[in-house]
Amino acid sequence: MPSPTATTSTVDRPLKGIAFILGAGLLFTLLDTGVKWLTQSYSPVQVVWARYAGHMLVLGGYLLMLGWPRCRAIMASVESLPGQLVRGLLLLAASTFAFLAFRELPLLQVYVINFSSPLLVTLLAIPLLKERVTLASGGAVVVGFIGVVIAVGPLDWRAQPAALLPFGMAFCFALYQLATRRFGRNDHPLASLFYAGLAGALASSLIVPFFWTPIAAGHIPLFLLVGALGAVSQLMLILAMRCAPASLVSPFLYLQIVWATLSGYLVFGDIPLIETYLGGALIIMAGIFLATRKR
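Every value quoted in this text rests on a predicted model; they were computed, and no experiment measured them.

Caption draft 1: Seen up close, the packing of aromatic side chains. Inspection of every chain in the model, using the stated rule, returns 8 aromatic pairs. Judged by centre distance (5.1 Å) and plane angle (80°), the ring pair of Tyr42 and Phe223 falls under edge-to-face. Of the two residues, Tyr42 sits in the loop between helix H1 (14-38) and helix H2 (44-66) while Phe223 sits in helix H10 (residues 220-243), which places them 181 residues apart along the sequence. Judged on exposure class, the residue Tyr42 and its partner Phe223 are both buried. Above the plane of the ring of Phe268 lies Lys36, whose end atom (NZ or CZ) is 5.2 Å from the centre. Above the face of the Tyr52 ring, Arg51 is positioned so that its terminal group lies 4.9 Å from the ring centre.

Caption draft 2: Region of interest: unusual backbone geometry. Phi at Lys130 is positive, roughly 60°, even though this residue is not glycine. Of note, Lys130 is situated in the loop between helix H6 (117-129) and helix H7 (135-152). What makes Lys130 exposed here is its relative accessible area of 67%.

Conventions and cut-offs
- Residues numbered from 1 in each chain as written.
- Predicted model: local features only at pLDDT ≥ 70, side-chain atom pairs only at ≥ 80, totals over all residues.
- Heavy atoms only, no water.
- Phe/Tyr/Trp six-rings, centres within 6.5 Å; stacked < 30°, edge-to-face > 60°.
- Helix = DSSP H or I, 4+ residues; strand = E, 2+ residues; numbered from the N terminus.
- Buried < 20%, exposed > 50% of the residue type's maximum accessible area, 1.4 Å probe, protein only.
- Lys NZ or Arg CZ within 6 Å of the ring centre and 35° of its normal.

The structure is reproduced here in structure tokens:
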């Protein structure tokens with residue numbers, strides 16, 4: 001699952017951009033629902049591998065359709081290959097934390113905590129990218145983290161260590177976004193998507209043999225679907241950011257709150273607490289404020 005982030009884009013087709021971002025948000029939720037279902041029977045590491053393997057198959061097929069000359073030009077746009085691979089490993093770490101969290105926690109709770117990653121980006125950009133934060137933006141970060149405290153509620157971390165997993169996911173995803181600003185600012189979006197997927201696929205392929213469980217025949221279609229959804233949802237996110245500014249389309253990703261609530265209830269029988277919604281509202285308001293301020 002993604003978190004609303006700022007990405008450079010072409011400003012000329014806002015309605016198309018909104019349509020793409022709505023589709024991406026829905027597909028991300030379907031992906032995470034499939035992941036939560038599979039992790040009840042398989043190691044999250046195995047599901048992560050399937051997600052990245054499918055990502056590379058779908059994206060590789062799409063790039064081949066573009067033709068070799070254009071594909072070569074896209075790959076040549078990369079300014080720092082090591083930087084792109086670092087991005088990919090950070091995204092792999094975020095995905096692993098997310099899949100571990102989905103196995104233990106309701107979808108909505110994981111989503112709400114992950115929405116705090118723009119707040120972490122704002123804070124981490126100060127020492128890592130030497131960016132300045134205004135008083136208003138700092139206040140928004142404080143409000144957002146108050147929302148996190150409300151959404152999580154009182155917990156005994158020793159009795160419920162799984163509740164820490166979404167925070168690991170949000171932290172790694174924030175670092176991934178900062179790495180994207182640092183290394184992927186001028187690279188072609190498809191090149192960034194390819195190398196991020198390649199790093200994740202290679203690293204997970206090295207680890208997955210130690211966690212492998214034979215896949216039941218009835219689960220193979222869901223494994224394939226998870227991989228395909230991972231690639232298609234990311235492509236739709238890129239298309240959204242290319243059609244309209246991130247400050248316009250990113251807030252629509254917060255509709256994942258609705259999709260996650262419906263999916264959690266209909267598929268897993270999860271009934272969210274009112275505190276989750278209250279905290280989520282503060283986090284969303286802070287995230288939207290930061291996105292519009294960056295514009």
